[in-house]
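# Geometric and topological summary
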Amino acid sequence: MIINISEILSTAKKSETYSVPIQLDAFTMNGDRYPMVSRESVTLTITNIGNREVSIQGHIDVVLNIPCDRCLEDVPTRLSMDVDKAIDLKKTDEERINDLDETCYIDHSSLDVDRLVSNEILIHFPMKTLCREDCKGICFKCGQNLNLGECGCDRESLDPRMSAIRDIFSNFKEV
Ligand SMILES: [Zn+2]
Ligand SMILES: [Zn+2]
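In this report, we go over the structure that sits alongside the text. (Residues numbered from 1 in each chain as written. Chains lettered and ligands numbered in written order. Predicted model: local features only at pLDDT ≥ 70, side-chain atom pairs only at ≥ 80, totals over all residues. Heavy atoms only, no water.)

## Considerations on helix H3 (residues 113-124)
Cut-off, in case you're wondering: Helix and strand definitions here come from DSSP, where helices need a minimum of 4 consecutive H or I residues and strands a minimum of 2 consecutive E residues; each element is numbered from the N-terminal end. Take the number of residues in a helix, subtract one, and multiply by 1.5 Å to get its expected span. When accessible area is computed with a 1.4 Å probe and restricted to protein chains, residues below 20% of their type maximum are described as buried, those above 50% as exposed, and intermediate ones as partly exposed. Here a polar contact is recorded for every N or O atom pair within 3.5 Å, except that within protein the pair must consist of a potential hydrogen donor and a potential acceptor, and residues adjacent in sequence are included only if both atoms are side-chain atoms.
Taking 1.5 Å as the rise per residue, H3 with twelve residues should run 16 Å; its terminal C-alpha atoms sit 16 Å apart, in good agreement. Turning to H3, its buried residues are Val113, Asp114, Leu116, Val117, Asn119, Glu120 and Ile121. Between the side-chain oxygen of the N-cap and the backbone nitrogen of aspartate 114 there are 3.2 Å, and the N-cap of H3 in question is aspartate 112.

## Points about unusual backbone geometry
The phi angle at asparagine 51 is positive, at roughly 60°, despite the residue not being glycine. Mapped onto the elements, asparagine 51 comes out in the loop between strand E5 (42-50) and strand E6 (53-67). Unusually for a residue other than glycine, leucine 72 sits at a positive phi of about 70°. With respect to the helices and strands, leucine 72 occurs in the loop between E6 and strand E7 (74-88).

## Let's talk about the packing of aromatic side chains
The condition that has to hold: Under the pairing criterion, centres of Phe, Tyr and Trp rings, with the six-membered ring standing for Trp, must be within 6.5 Å; the plane angle then separates stacked pairs below 30 degrees from edge-to-face pairs above 60, leaving the rest tilted.
Summed over all chains, the structure comprises three aromatic pairs. Relative to tyrosine 34, the ring of phenylalanine 27 lies with its centre 6.3 Å away and its plane at 25°, an arrangement referred to as stacked. By relative accessible area, which is 3% here, phenylalanine 27 ends up buried. A residue is classified by how much of its surface remains accessible, and tyrosine 34, at 10% relative accessible area, is buried. With 4.9 Å between their ring centres and 55° between their planes, tyrosine 34 and phenylalanine 125 make a pair best called tilted. Within this pair, whereas tyrosine 34 is found in strand E4 (residues 32-39), its partner phenylalanine 125 is found in the loop between H3 and helix H4 (160-174), the two being separated by 91 residues in sequence. The residues tyrosine 34 and phenylalanine 125 share a single accessibility class, namely buried. Three or more aromatic residues joined by ring pairs make a cluster, and in this case those are Phe27, Tyr34 and Phe125.

## So, the pairing of E5
Quick reminder of the rule: Any two strands with at least two DSSP bridges between them are considered paired.
Looking at chain direction, strand E2 (residues 15-20) and E5 are connected through six bridges and run antiparallel. When the bridges of E5 are listed, threonine 17 appears paired with threonine 45. Pairing between E5 and E6: seven bridges, direction antiparallel. Directly across from leucine 44, in E6, lies its bridge partner glycine 58.

## Topic: the environment of arginine 33
We apply this condition: Any two residues having at least one pair of non-hydrogen atoms within 4.5 Å are treated as being in contact.
Checked against the element boundaries, arginine 33 lands in strand E4. Arginine 33 sits in the exposed class, given a relative accessible area of 52%. Once the C-alpha coordinates of arginine 33 and asparagine 65 are considered, the two residues, 32 residues apart in sequence, prove to be 9.2 Å apart. Aside from chain neighbours lying at most four places away, what touches arginine 33 is Asp25, Ala26, Phe27 and Thr28.

## Topic: the coordination of the zinc ion (ligand 1)
Selection criterion: Each metal site lists N, O and S donors within 2.8 Å (3.2 Å for Na, K and Ca). With water left out of the atoms, a site can look as if it is missing ligands. Between 85 and 135 degrees for all angles marks four donors as tetrahedral; over 155 degrees for opposite donors together with 65 to 115 for all other angles marks four donors as square planar and six as octahedral; every other arrangement is irregular.
The zinc ion (ligand 1) binds to the protein through Cys68 (SG), Cys71 (SG), Cys131 (SG) and Cys135 (SG); the donor distances cover 2.2 to 2.3 Å. Metal-centred angles of 105 to 115° between the four donor atoms at the zinc ion (ligand 1) mark the site as tetrahedral. Each donor residue of the zinc ion (ligand 1) lies on the same chain, and together they follow the pattern C-x2-C-x59-C-x3-C. With cysteine 71 in the loop between E6 and E7 and cysteine 135 in the loop between H3 and H4, this residue pair connects regions lying 64 residues apart in the sequence.

All we've got here are geometric facts, nothing functional implied.
Below you can see the structure in the form of structure tokens.
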């Protein structure tokens, strides 16, 4: 959704609060798509702070399905993000992108809320996602999710790279 900010920009000290729906149905990063399973409205207060600068304050709450790092099952992950920014519209888009984390979600006339939301998710995206602390992951032989039970594969025999290292060690011992 686009918020028209031209009136705020042309009126000294004007401040408006918006509650707007998120229209994105997924967040995409490096070609991976993370569906949004819950997206509460975004609340944003946009204020003309003078000198062609605006502040954006508010809160964004979304739940994304992010695959577990070990077993790849989707983990509904809540991202609760406070927004507090001051944006200098005297600068060109290029200058602002170089300066900050910003993609161009704002210009002299409009604020693109979905782009802002994407930008915030990118900043707050978790480094690590586990479905549970002791997730057992998947069997590297058959791909079974080991949280759901044993598959019966012999995982003691290591993969070829590891057995090469083991051979080096056993040769070493023989010398
Ligand atoms: Zn897992
Ligand atoms: Zn297996």
